[in-house]
Amino acid sequence: GAMVVAGYDTLESSPSTNLDCGLWSAIGVDKTAGKPVIVYYDATNRNLMLATAASDTAYPVNSNSPVYAANGTAPSAQGDGWTRQTIGDTNLRLGQYVSLVLDAGNNLHIACFDGKGGDLYYFYGERSAYGTYTFTQSLVDGDGSVGTWTDIKLTNESASGYAAGPVISYVDATNVKSEDGLKVAYLNATGIAKTAGAELTLADWETATAPCKSSVEDNRVTLAVGVTDGASLNTTAKADNCKLALAYVSSRFDCVYLRNE
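Structure report, in brief. (Residues numbered from 1 in each chain as written. Predicted model: local features only at pLDDT ≥ 70, side-chain atom pairs only at ≥ 80, totals over all residues. Heavy atoms only, no water.)

1. Points about the sheet that holds strand β2 (residues 35–42)
(1) Moving on: Spatially, β1-β2-β3-β4 is the arrangement adopted by the four strands of the open sheet, whose pairing is antiparallel. Unpaired on one side and paired on the other, β1 (21–30) and β4 (82–87) mark the two borders of the sheet. On average, adjacent strands in this sheet sit at an angle of 25° to one another, irrespective of strand direction.
(2) Moving on: Summarising the sheet, β1 and β2 pair through seven bridges and their orientation is antiparallel. The partner of glycine 28 across the bridge, within β2, is valine 37. (Pairing = 2+ DSSP bridges. Helix = DSSP H or I, 4+ residues; strand = E, 2+ residues; numbered from the N terminus. Axes fitted to C-alpha atoms, helices over the stretch in contact; angles between N-to-C directions.)

See the structure below:
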């Protein structure tokens, strides 16, 4: 059944207290625990948040009623079936356009937009237990206003840590309405070789503008890894010459393939 994870079910149009959260959210499953992991944006406090099940039950259940009554009486708490924590630098406005993926070790890989600086950020959450993570924050791209409509995937889903090879697609808001409005970022060999949880720098990331043939709109981008476009670079090249595909909104719904060199 549906339940409140964060914030309140509000029965009044103008309650005395409110918490605006969840517009930007992403969900994954911890395969070892068999439980959900949710990341979301808290618009009231302008923070990136993490929610996990609060108990060892098979699935989270709220025993309280985090609902505003008709007379405006505030609830005692948010949904108590969940544990919530803030991620990252609270001086920034992290969490919009958030995307999440879990690797083979159930570690968290998160991409999101910084609404204060207009930058793309990546978070690695090293798992010590379900619901307990040590986070490392990394600036990925700060060239212009970049990082909206993120989608993060792993190039090696059987690996853990940076070796899983996170790849992020995102919109370059500075160049929307042009063929240069779509970008992709990935860890280079130096970044992948770093110990999981070690600090990443801009030098550990490679960013590139996707070679689109149509103008990119400020809208959702979808990333796929390990794909095949069926074409050949030359007569001796294998048909499976493509690793990344990025779908984006133009005057139509387009897809661009990034082929192997």
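2. Details of the nonpolar core
(1) Moving on: Ranked by internal contacts, the top residues of the largest apolar core, which has 23 residues, are Val37, Val39, Leu48, Leu100, Leu108, Ile110 and Phe123.
(2) Moving on: Looking at this core, the elements with two or more residues in it are β1, β2, β3 (47–53), β5 (94–102), β6 (108–114) and β7 (119–129).
(3) Moving on: Examining the composition of this core, we find that five residues originate from one element, β5, more than from any other.
(4) Moving on: Beyond its immediate sequence surroundings of up to four residues, valine 37 is in contact with Ala26, Ile27, Gly28, Asp30, Leu50, Ala51, Thr52, Leu100, Leu102, Leu108, Tyr130 and Tyr133.
(5) Moving on: Within the second largest apolar cluster, 18 residues are counted, among which are Tyr122, Ala185, Leu187 and Trp205. (Core = buried A, V, L, I, M, F, W, Y, C linked by side-chain atoms within 4.5 Å. Buried < 20%, exposed > 50% of the residue type's maximum accessible area, 1.4 Å probe, protein only. Contact = heavy atoms within 4.5 Å.)

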